[in-house]
Amino acid sequence: MNEVKIDESWKQTLSTEFTKPYWEELSGFVRQQYLEKTVYPPPKNVFRAFDLCPFNEVKVVIVGQDPYHGARQANGLCFAVNDGVNLPPSLKNIYKEIQSDLGVTPLPSGDLSRWAKQGVLMLNAVLTVAAGAPASHAGRGWETFTDAAIMALNEHREHIVYLLWGKYAQNKGLVIDRQKNLVLTSGHPSPYSAHLFHGNHHFSQANAYLKEHGIGAIDWR
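About the cut-offs
Each chain carries its own residue numbering, running from 1 in the written order of its sequence. Given that this is a predicted model, residues contribute local features only at a pLDDT of at least 70 and side-chain atom pairs are listed and counted only at 80 or more, while totals for whole chains, interfaces and linings are drawn from all residues. Excluded from the side-chain calculation are hydrogens and water; included are all heavy atoms of the structure. Each helix is a run of DSSP H or I of at least 4 residues and each strand a run of E of at least 2, with the numbering of both proceeding from the N terminus. Only C-alpha atoms enter the radius of gyration; for comparison, a globular chain is expected to reach 2.2 Å times N to the power 0.38, where N is the number of residues. When a residue's accessible area, from a 1.4 Å probe over protein chains only, is under 20% of the maximum for its type it is buried; when over 50% it is exposed; and in between it is partly exposed. Any two residues having at least one pair of non-hydrogen atoms within 4.5 Å are treated as being in contact. The disulfide definition used here is simple: a pair of cysteine sulfur atoms within 2.5 Å. When DSSP finds two or more bridges between two strands, those strands count as paired. All axes here are fitted lines through C-alpha atoms, helices being fitted over the stretch that makes contact, and every angle between N-to-C directions spans 0 to 180 degrees. The pairing test for Phe, Tyr and Trp rings, Trp by its six-membered ring, is centres within 6.5 Å, and the orientation test on the planes gives stacked under 30 degrees, edge-to-face over 60, and tilted for anything in between. Call a crossover right-handed when, viewed with both strands pointing away from you, the route from the first strand across the helix to the second goes clockwise.

## Describing the overall build of the protein chain
Working step 1: Per the secondary structure count, the protein chain includes eight helices and six strands.
Working step 2: The order of α-helices and β-strands along the protein chain, N terminus first, is α-α-β-α-β-α-α-β-β-α-β-α-β-α.
Working step 3: Against the compact-globule benchmark of 17 Å for 221 residues, the protein chain has a radius of gyration of 17 Å, which places it among compact chains.
Working step 4: Each of the three principal axes of the protein chain carries a C-alpha extent, and together these read 45 × 35 × 25 Å.
Working step 5: For the protein chain, the proportion of its 221 residues judged to be buried stands at 54%.
Working step 6: The long-range share in the protein chain, meaning contacts at least 24 apart out of those at least 6 apart in sequence, stands at 66%.

In structure tokens form, the structure reads like this:
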């Protein structure tokens, strides 16, 4: 367990996961993949969502599926890309919704660490992917680990806003206690379902809920 390089608060919270058989299998698989193939994101960014957003500082959770599989894109935060990389279609749609919902223009960078540092956990269900092969690391154990992260937040924290876009994210969020958190759902921001995403007002609703509970709002720019 000690070799897992993840924020200390998450390491303690999820300590039992690192002793389970699935984790050993997953670790072995991922290590081998990095040795044999091009895998994204770079190893130091696999747990970046956790590292930038410690357990007790989480205010908002955004759930994605798996990392971008193109060169220089994935940086460990769902929907985000490295600074200087063109915005993917889903992120463009997220920015459009922020602009129409809040009347602010998001910064041009798609890195989104600026959100993570404010308490937005940008969690992909699967944390690694082989280059050019979407979902290639699905079903290997990452989903069990990220489910455990959501369950830990659900058990030990309250007044968190969960933004669940698309059926996949909504299914992953079924365990969340709606009585002590705010769960907002809509279509996925990808071009195929953006008509079910635009107009959801999730960003203004999230900030209103946080303020209502005495928690600092997120600057979504």
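What follows picks up the thread again.
## Description of the state of the cysteines
Working step 1: In the structure shown here, the tally under the stated rule is zero disulfides.
Working step 2: Note on Cys78: no disulfide assigned, nearest cysteine sulfur contributed by Cys53 at a separation of 11 Å.
Working step 3: By relative accessible area, Cys78 is classed as buried at 0%.

## Let's talk about the sheet that holds strand β2 (residues 60–64)
Working step 1: An order of β3-β2-β5-β6 is seen for the four strands of this open sheet, with the pairing classed as parallel. Both edges of this open sheet fall to β3 (120–124) and β6 (182–186), since each of them pairs with a single strand only. Recorded for the sheet is a direction-independent mean angle of 20 degrees between the axes of neighbouring strands.
Working step 2: The pairing of β2 with strand β5 (residues 161–165) spans three bridges and is classified as parallel. Following the sheet pairing, Val60 is matched in β5 by Val161.
Working step 3: The sheet contacts of helix α6 (residues 142–156) involve β2, β3 and β5, and relative to β3 the element is tilted by about 150 degrees.

## Some details on the packing of aromatic side chains
Working step 1: The full count for this structure, using the stated rule, is 19 aromatic pairs.
Working step 2: Here the aromatic rings of Trp165 and Phe197 are separated by 5.1 Å at their centres, their planes lie at 80 degrees, and the arrangement is edge-to-face. In this pair, Trp165 sits in strand β5 while Phe197 sits in the loop between β6 and α8 (202–212), placing the two residues 32 residues apart along the sequence. Pair check on accessibility: Trp165 and Phe197 agree, each one buried.

## What about the pairing of β5?
Each regular strand carries side chains that alternate between the two faces of the sheet.
Working step 1: Among the five residues in β5, five count as buried, and that is most of the element.
Working step 2: In β5, alternate side chains face the same way, and those of Val161, Leu163 and Trp165 on one face and Tyr162 and Leu164 on the other are all buried.
Working step 3: Judged from the five bridges that link them, β5 and β6 form a sheet pairing that is parallel. Within the sheet, the bridge partner assigned to Trp165 lies in β6 and is Ser186.
Working step 4: After leaving β5, the chain enters helix α7 (residues 167–172) and then returns to the sheet as β6, a path that is right-handed.

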